[in-house]
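Residue strings, one per chain:
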Amino acid sequence: MKRSLIFLMATAFILFTGSAFAADTVKLGVAGAHSGDLASYGLPTLNAAKLVVGDVNAKGGVLGKKVEILPADDVCKPEVAANVASKLVSDGANVVLGHICSGATKAALNTYKEAKIVVISPSATNVDLTKSGDYPNFFRTISPDDSQAKLEVDFALNKLKVKKVAVIHDKGDYGKGLAEFAKADFEKRGINPVLFEGITPGAVDYSAIVQKIKNSGADAVIYGGYHPEAAKIVSAMKKKKMKTFFISDDGVKDDTFIKVAGQFAEGVYATGPMDTSKNPMAIAAIDQHKKVYGSDPGAFYLNAYAATICLLQAIDKAGSTNIDAVSKALRTNWFETPLGKISFDERGDAKGIGFSMYEVEKGKYVEVGK
Amino acid sequence: MDYFLELFVGGLTRGSIYALIALGYTMVYGIIELINFAHGEIYMIGAFTALIVASALSLLGMSGWSLLMLAGVIAVIYSAAYGFTLEKIAYKPLRKAQRLSPLISAIGMSIFLQNYVLLAQTSDFLSFPALIKEFSFMENVTIMRSSELVIFITTAIATILLSLFIKFTRMGKAMRAVAQDKTMAMLLGVNVNRVISVTFIIGSALAAVGGVLISSHIGQINFYIGFIAGIKAFTAAVLGGIGSVPGAVLGGLVLGWTESFATGYVSSDYEDVFAFGLLVFILIFRPSGILGKTSSEKV
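Read on for a plain summary of the structure. Values in this document were obtained by computation on a predicted structure and should not be read as measured data.

We now examine the overall build of chain A. A tally of regular secondary structure across chain A gives 13 helices and 15 strands. For chain A, the spread of C-alpha atoms along the three principal axes comes to 100 × 40 × 35 Å. Out of the 370 residues belonging to chain A, those deemed buried represent 53%. By element, 56% of the accessible surface of chain A is carried by carbon and sulfur atoms, the whole surface being about 16200 Å². Computed over 46 positive and 41 negative side-chain charges, the inter-centroid distance for chain A is 4 Å.

Structure, rendered in structure tokens:
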């Protein structure tokens, strides 16, 4: 009799805790490529989420509940991503970290939008995801593809006060893409670039295009491309005693550029990723990964780490997982993350992360502004 | 007007370099009817040799014109040795083979030499010192830089010397004879192997001169510079009439000017479109190039 009573109580206790676990957790969907040839982009995010959730749960979870991870593998394919999103929704995910690839993210977002779930991607850089305004539930902790161009334009207009600009690119996907963003940004602010031209990478020399820049009377050149051509153009400009500013991107923010262009590199501006290597949280997060998984973290690890922190803290501050409350919390609060102190703007892009402007000073790139 | 002149000078500089390289293409083609695709690599090796020699010598405290001369001469000798060896290894054994074989061999040598420099040196871009100093009398000239003047004058002198050499020396005469009819020249006692070797040596030396001058003007090199320069110079040689020495120079200059003016007055997006469009246009009306002689059945 006594024994059966204990048994009954024990069963009730197990059932109770069991049901508490099942019904009362905050479910964090982590979607991305966890297998296939792009798994190396997706798995670091899952690792980051596990580490952050482990820490948060050890301190009591959010809203008094434990956080539970629902991994979802989309192999970076849009058609799979849409199915994965439906599955996460039916499994009751409250918020989603992901997806990894821009195409897959786009395919999944409508499902989350209808289900009223907040999504943060650590790695999807496609501009339209935020810029189109179609996905008010979407946030990201990585800079969109046009952020460098935007920074270049801001810097040229606000800091250097230029009136006439020439936009030059190397006809490649990267260089031309940035140049087109920069051109569009200038036009939006009422300045039509006097030149918009592509050069042939590897050509014997660029004296003709340099001459053309000089002749156009531009105060600044925005160059989209990589450092070998930039070094040639900058040298030719300086040798012609031109005072035109030269502003470029992280394809040029490379020490090889300074080595090759030598004294002519002085005063060249280039955008580059903000330095997070000295951030104590970043150092701790990387150490934690090494300790738990025995290896260096992979791509987008810190972005995912930051995204998870923002997401969970926003839920805590919002007091619920309701889409409007969480979105508002993400936009109004600043979060301490391994990427620095960040918040989110109206569109869902992170503020406080991304690129800085650097200038070559005495043979070194020095940060001059954000 | 200044703008026009500046574009003219820019085109002249570029065209001069094309011409120096094209001379090697055209001479080799004239004599053994081979398109030496590894020629651009000789140009690149010349530039690398000059860089290495110049870095070593400037450590020893040398500077100015003597440095340029010494680095240039060593680069020329070294490249000439490469050209000579190239012919002995890759083309001579194939001289009696069908025409495609030496062509494939040339492409193979081109890839080999590129990768050799890539592995032996570096894949990075390297800074090349400005070996050509600014002249004091050029200080107030805005349309032309000293290095451009040096490039132009060197090309002019090299072309004139080469023409005189071909016209008046015994070796030049032998070259012309071999170009006309190899078997007949051999029967008359011309040492054909020697003539071919000399052709490769001269062509390689000119390419090295071009390599040193343009690298000093531009200020950077890497293992891949020979490829594009080689393609452009080959185009120039065909444009001018492959096999013809004045044709190569004219072809180089025309190509240089076309590119420069196309960039200056139209758009640099279309630089290559204009350059190769011109080639097609000229070949339609003069299939053997501007100064080429019509001959039956060449490649």
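Right, let's get into the overall build of chain B. Tallying secondary structure elements over chain B gives 11 helices and two strands in all. The helix and strand sequence of chain B, counted from the amino end, reads α-α-α-α-β-α-α-α-α-β-α-α-α. For 299 residues, the compact-globule estimate of 2.2 N^0.38 gives 19 Å, and chain B sits close to it at 19 Å. By its C-alpha atoms, chain B is 60 × 50 × 40 Å across when sized along the principal axes. Here chain B, with 299 residues, has 53% of them falling under the buried criterion. Taking the contacts inside chain B whose residues are at least 6 apart along the sequence as the reference set, 77% of them involve residues at least 24 apart. With the model as given, the accessible surface of chain B reaches about 13500 Å², and the carbon-plus-sulfur share is 69%. For chain B, the centre of its 18 positive side-chain charges and the centre of its 15 negative side-chain charges are spaced 19 Å apart.

The extent of an interface is frequently quoted as the accessible surface area lost upon association of the parts. Between chain A and chain B, the residue contacts involve 27 residues of the former and 28 residues of the latter. The residue A:Lys259 makes a salt bridge to B:Asp124 at a minimum N-O spacing of 4.0 Å. At the boundary of chain A and chain B, one finds 11 residue pairs in polar contact (both at pLDDT 80 or more). Elements with a minimum of two residues in the side of chain A that touches chain B: strand 7 (195-198), helix 8 (207-216), helix 9 (227-239) and helix 10 (255-261) of chain A. It is helix 8 of chain A that provides the largest number of residues to the side of chain A that touches chain B, a total of seven residues. Class assignment for the residues of the side of chain A that touches chain B results in 10 nonpolar, nine polar and eight charged.

Residues and elements named next belong to chain A. With mixed pairing, the seven strands of this open sheet are ordered in space as 7-6-8-9-10-14-15. In this open sheet, the two strands that pair with only one neighbour each are strand 7 and strand 15 (364-369). Here the strands of the sheet are splayed against their neighbours by 30° on average, with no regard to which way each runs. As judged from the four bridges shared by strand 6 (residues 165-169) and strand 7, these two strands associate in the parallel manner. Counted as the bridge partner of valine 167 is phenylalanine 196 from strand 7.

Turning our attention to the packing of helix 2 (residues 39-58) of chain A against helix 11 (residues 280-293) of chain A. Residues and elements named next belong to chain A. Packing of helix 2 against helix 11 brings their axes to within 11 Å, and their N-to-C directions diverge by 100°. When the axis of helix 2 is compared with that of helix 11, the two are roughly perpendicular. The segment helix 2 lies against helix 11, with Asn47, Lys50, Leu51 and Asp55 engaging Gln288, His289, Val292 and Tyr293. When the residues that make up the contact of helix 2 with helix 11 are grouped by side-chain class, the tally is three nonpolar, three polar and two charged.

Our focus in this paragraph is the pairing of strand 8 (residues 220-224) of chain A. Two faces make up the sheet, and in a regular strand the side chains alternate between them. Residues and elements named next belong to chain A. Most of strand 8 is tucked away, with five of its five residues classed as buried. Here strand 8 shows a buried face lined by Ala220, Ile222 and Gly224 and a second buried face lined by Val221 and Tyr223. Sheet analysis places strand 6 next to strand 8, joined by five bridges and oriented parallel. When the sheet's bridge partners are listed, isoleucine 168 is paired in strand 8 with tyrosine 223. Running through helix 9, the crossover from strand 8 to the neighbouring parallel element strand 9 (residues 245-248) is right-handed.

Okay, the sheet that holds strand 11 (residues 335-337) of chain A next. All names here are of chain A. An order of 11-12-13 is seen for the three strands of this open sheet, with the pairing classed as antiparallel. Unpaired on one side and paired on the other, strand 11 and strand 13 (350-351) mark the two borders of the sheet. Across two bridges, the pairing between strand 12 (residues 340-344) and strand 13 is antiparallel. Residue serine 343 lies in a different strand from strand 13, and its bridge partner there is lysine 351. The strands touched by helix 12 (residues 301-318) are strand 11 and strand 12; relative to strand 11, the strand with the most contacts, the crossing angle is about 155°. Running over the sheet, helix 13 (residues 323-332) touches strand 11 and strand 12 and is turned about 135° from strand 12.

What counts and how
- Residues numbered from 1 in each chain as written.
- Chains lettered and ligands numbered in written order.
- Predicted model: local features only at pLDDT ≥ 70, side-chain atom pairs only at ≥ 80, totals over all residues.
- Heavy atoms only, no water.
- Helix = DSSP H or I, 4+ residues; strand = E, 2+ residues; numbered from the N terminus.
- Buried < 20%, exposed > 50% of the residue type's maximum accessible area, 1.4 Å probe, protein only.
- Areas by Shrake-Rupley, 256 points an atom, 1.4 Å probe, with all protein chains shown as cover.
- Lys, Arg positive; Asp, Glu negative; His and termini not counted.
- Charge placed at Lys NZ, Arg CZ, Asp CG, Glu CD.
- Rg over C-alpha atoms; globule rule 2.2 N^0.38 Å.
- Contact = heavy atoms within 4.5 Å.
- Salt bridge = Lys/Arg side-chain N within 4 Å of Asp/Glu carboxyl O.
- Polar contact = N/O pair within 3.5 Å; in protein donor to acceptor, adjacent residues only side chain to side chain.
- Nonpolar A, V, L, I, M, F, W, Y, C, P; charged D, E, K, R; others polar.
- Pairing = 2+ DSSP bridges.
- Axes fitted to C-alpha atoms, helices over the stretch in contact; angles between N-to-C directions.
- Parallel < 35°, antiparallel > 145°, perpendicular 65-115°, else oblique.
- Right-handed = clockwise from strand over helix to strand, strands pointing away.

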